[in-house]
Structure formats: C-alpha cells, structure tokens
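Understanding the architecture of this molecule
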Amino acid sequence: MEQHMNEIPRVPKRILTSLLASVSAGVVPRTGAPYLAIGRQDEIEALLSDLETVNEGGGSMRFLIGRYGSGKSFLMQLIRGYAMEQGFLTADADLSPERRLYGAGGSGVATYRELMKNLASKTSPEGGALPKVIARWIGELQTALVGEGFTPESDAFAAALNRRVLSALSELEFLVGGFDFAHVLTAYYRAYTEGDDSRRSACMRWLRGEFSNKTEAKRELGFSVSVIIDDDNWYDFLKLWAAMARTMGYRGLVVFIDECVNLYKISHRVSRENNYEKILSMFNDTLQGRAPGLALILGGTPQFLEDTRRGLFSYEALRSRLCDSRFSLTGFKNLIGPVIRLRRLSNDELYALISRVTRLYAQNYNAEPRITTQQMSQFLQICLSRAGADSMITPREMLRDYMTVLNILMQNPEASFEEVVGSAVTLRTEADDEDEPPKASTAEARSPRASYSPDEIEL
C-alpha cells in the first residue's frame with residue numbers, strides 16, 4: 001500500500017490547494033478530480049463509451065442516481081475532464097428553484113445561460129469558452145486558406161473565408177431555430193473580422209440567451225430575428241450548439257445537469273410534470289438520433305427517480321423507460337441501460353481513498369501527517385461501526401471527517417490520534433442520543449406521510 005501511495009504524481013500547488021479545500025468543505029472539486037478517483041471504473045467506462053457514440057454522430061442520455069455524497073457530482077466532474085481531453089466541448093449546470101428545464105418567468109432559459117457560461121474546452125477548462133471557441137474556428141479557417149496560397153490582406157482571401165463560413169453555417173439552417181442561429185453567427189463572424197466590438201457583443205448576448213424580447217434584440221443587433229432563446233426553445237439551441245461543435249472541429253457537446261432533485265422538490269404538480277415532459281423529450285431525441293453530437297448526463301437522488309408520487313416514476317412515460325427490468329436481479333450489474341445507480345464503495349476502496357488523501361495532504365503541506373496506516377484502518381472501522389454505515393456511508397462525509405482529523409493533528413502537536421478520534425466519537429454519540437426522535441405511533445406509521453424520513457420530506 002505504501003508503495004502504491006508513493007506513486008501518486010506531484011500535483012500542481014494551485015490545483016492541490018483547491019482540491020483539499022473542496023474535500024474539507026464537502027464540495028466537489030471542479031479541477032483535480034482524477035487525483036482523487038478511486039473505484040467507479042465500470043461506471044467511467046460506461047460513460048466513456050457514450051462519448052464514442054457521440055463522436056460517431058449519435059446522441060446519448062444517462063441518469064446518475066445516488067444518495068447525497070455518494071459521488072454523483074464527483075463522477076460528473078471526472079467525466080467532464082475526460083471529455084475535454086478527448087476533444088469535446090462540455091457545459092454543466094446545477095438545477096435550483098431559479099433554474100429548471102421548463103418554467104415560465106425565465107427559469108428555463110436560466111439553465112441555458114448557466115450552461116453557456118460554463119461552456120468549456122480543453123484550452124478553457126474553467127468555462128467561459130464561447131467566444132474563444134468561435135475565434136478558434138475562424139482562426140482555423142483562416143489558417144487553412146493561407147495554407148492554400150491565399151494572401152490574408154487580399155480581397156480573394158476575405159471572399160473565400162466568407163464562402164466557407166456561410167457554407168458551414170448553411171447546414172444548420174434546416175434545424176429548428178437554425179436560420180436565426182446561423183444568421184447571428186454570421187453577423188458575429190463579420191463583426192469579429194471587422195473589429196466591431198459593439199456588434200460582436202450584441203451577437204454574443206443573443207447566443208447566450210440574454211435578450212428578453214425580439215424588439216430589444218433587433219435594437220442591439222441592428223437586424224431582425226424571428227426568435228430569441230427563451231424558456232420554450234432553449235433545448236433546441238442546445239442541439240444546435242452540439243451540431244455546431246462538430247462543424248467547428250470538436251467531437252461533440254457533453255452536457256452535465258446536476259441537482260435534478262430540485263425538480264422533485266417542485267410542489268406544483270403541473271409544473272413538475274412539465275419538467276418531466278422536457279426530460280422525456282430529451283430522452284427520445286438522444287436515443288432516436290435527433291440530437292447528433294449531444295450527450296446528456298443528469299444527476300439525481302433515488303427519490304428523484306423512484307418516488308411514485310413526485311419522482312420520475314410518477315410520470316408513466318418515463319417510468320416505463322427507466323424502471324428496472326424484472327430480470328435486473330440484485331447482485332448483477334447492468335451499466336448499459338440509461339440509469340446508472342452508484343453503488344457504495346467497497347471497504348478496500350474507502351481505505352484506498354483515505355490513503356490517497358493522506359498522500360495529497362502530505363504533498364500540500366510538505367510534511368508527513370501524524371497518522372499511521374494502522375490508524376487509517378482504525379478510522380475507517382470507526383466510520384463503518386456507526387448504525388447503518390455498512391450500506392449508507394458516503395465518501396463525502398467520511399472524507400470531511402478524515403480531513404478534520406488531519407487538520408487537528410497538524411495544528412495540535414500535543415494531541416494524539418486516539419484523543420481526537422475518541423472525543424469525536426463520544427460527542428457524536430451524545431448528539432445522536434439527544435436528537436433521536438420519539439417513536440411514531442401506530443397510526444402515524446401507517447399514514448402515507450410517515451413513509452418518508454424528515455430528510456426526504458425536506459427534498
């Protein structure tokens with residue numbers, strides 16, 4: 001184990017500091033996820049196979065289902081990094097009460113704006129890549145023309161570049177919203193080559209879905225458009241970006257939508273079902289070949305998927321597509337279907353995760369943590385000894401506790417591992433005893449509302 005731990009490569013200080021800070025706070029690191037990747041090899045291979053499908057011009061859609069802290073968001077960030085390395089564009093967004101898949105008052109297009117803000121490529125992994133992606137495409141067209149013998153300052157060069165841009169964009173005009181999309185991109189290209197920053201900024205606002213009505217768009221753009229990107233059509237423009245990504249030389253567009261449990265929280269039934277109808281539309285498009293170059297990965301909790309009152313299974317069209325087959329027996333894995341349920345990491349994988357964090361911690365502070373491999377094992381056993389932890393323990397809560405132990409040991413040289421861990425176990429046990437709710441009466445136990453834990457009702 002020690003030899004394996006010492007094989008961890010040196011991590012850039014900026015990434016390492018951010019990575020450990022994220023782990024300590026229970027937040028998914030946006031960069032550096034591969035340095036913490038333990039287990040999930042089967043899930044990773046399944047999602048990477050989807051990228052190959054998208055590369056061939058197909059579409060895909062997956063649902064990552066797991067409890068809070070089980071690693072859904074972490075796996076998304078991991079695949080996001082792999083996708084960018086392999087030449088895909090990526091976009092990610094977390095749903096919230098203000099960001100939905102369908103909704104009036106801008107909550108639908110707000111998700112599109114967040115996706116465009118977080119659009120990323122290999123050269124712009126942090127997001128905000130939209131203007132850079134377009135500039136790169138135009139630059140590559142110009143380079144190709146120079147290679148063919150055109151002189152950049154000549155009229156023939158400008159005419160040939162214009163023809164190639166129009167030819168590439170003409171392929172999009174037959175898609176829904178494609179005519180205006182191509183028109184605005186053409187205007188952006190001309191403003192870019194002419195150095196017209198005002199017109200270029202207006203075109204970028206339209207492409208990001210930032211205009212509230214067509215009158216405002218016309219005033220800023222200087223020409224009329226028949227549509228703007230809004231709550232009703234934003235997904236159509238997402239498909240246009242997937243097609244445009246391939247035109248620009250990328251392998252496709254991979255979209256990550258996390259915190260889908262916020263759709264489960266919508267109290268209004270019609271609004272909730274409208275969002276599920278949008279998911280159904282996305283599912284049918286990607287699996288029936290109507291969204292070439294687009295991969296969708298949605299993350300949510302088991303309640304979001306399985307609750308027959310408010311989850312996806314409450315919508316019969318989705319339940320019939322996403323529910324487990326009667327042949328899907330416990331103990332057999334099936335990662336080819338649309339739903340990937342994240343299993344609990346094995347005890348060996350949890351121990352390997354603790355060991356990995358220990359080595360990263362040592363790198364960051366340039367000092368060996370005051371903890372032995374035997375104490376690491378003891379810490380894991382303490383975590384697993386809690387009631388229900390053998391099946392419910394999540395990497396997030398375990399790593400947060402472990403980082404706390406490492407931090408205390410580093411800042412308090414007089415403290416021993418046994419003192420820190422022993423006092424924490426005692427305090428937690430007392431808190432659990434104080435917070436234990438009274439037992440429900442027989443009538444309460446039989447009521448439908450009693451079938452949900454307080455946490456689930458909060459969702």
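Residues numbered from 1 in each chain as written. Predicted model: local features only at pLDDT ≥ 70, side-chain atom pairs only at ≥ 80, totals over all residues. Heavy atoms only, no water.

**Quick word on the confidence of the model for the protein chain**
As a general rule, the predicted coordinates of low-pLDDT regions are not to be interpreted in detail. Applicable threshold: The predictor attaches a confidence to each residue, and that confidence, scored 0 to 100, is pLDDT. Any two residues whose heavy atoms approach within 4.5 Å are treated as being in contact.
Mean pLDDT over the protein chain: 88, with 87% of residues reaching 70 or higher. Scored below 50 in pLDDT, residues 429-459 makes 16 contacts in the model with residues more than four places away or belonging to other chains.

**What about the packing of helix α16 (residues 347-365) against helix α17 (residues 373-385)?**
Formally: Each axis is a line fitted through C-alpha atoms, and for a helix only the stretch in contact is used; angles between axes span 0 to 180 degrees, taken between their N-to-C directions. The secondary structure listing takes helices from DSSP runs of H or I that are at least 4 residues long and strands from runs of E that are at least 2 residues long, numbered from the N terminus. For this classification, under 35 degrees means roughly parallel, over 145 means roughly antiparallel, 65 to 115 means roughly perpendicular, and everything else is oblique. Left-handed describes a crossing whose near helix is turned anticlockwise from the far helix through less than a right angle; right-handed describes the clockwise counterpart. As a working rule, the residues Ala, Val, Leu, Ile, Met, Phe, Trp, Tyr, Cys and Pro are called nonpolar, Asp, Glu, Lys and Arg charged, and the rest polar, with Gly in that last group.
One can describe the packing of α16 onto α17 by two numbers: an axis separation of 10 Å at closest approach and a directional angle of 130 degrees. Taken as axis vectors, α16 and α17 run oblique relative to one another. Relative to α17, the crossing made by α16 is right-handed. For the pair formed by α16 and α17, the contact residues are Asn347, Leu350, Tyr351, Ile354, Ser355 and Thr358 on the first element and Thr373, Met376, Ser377, Phe379, Leu380 and Leu384 on the second. Residue composition of the contact of α16 with α17, grouped by class: seven nonpolar, five polar and no charged.

**Observations concerning the packing of aromatic side chains**
Test applied: Only Phe, Tyr and Trp rings take part, Trp by its six-membered ring, and two of them pair if their centres are within 6.5 Å. Stacked means planes under 30 degrees apart, edge-to-face means over 60, and tilted covers everything else. When a residue's accessible area, from a 1.4 Å probe over protein chains only, is under 20% of the maximum for its type it is buried; when over 50% it is exposed; and in between it is partly exposed.
Counting across every chain of the model gives eight aromatic pairs. Here the aromatic rings of Trp234 and Tyr235 are separated by 6.4 Å at their centres, their planes lie at 75 degrees, and the arrangement is edge-to-face. Tyr235 shares its class with Trp234; the two are buried. Where Tyr276 meets Phe304, the ring centres are 6.5 Å apart and the plane angle is 65 degrees; that geometry is what we call edge-to-face.

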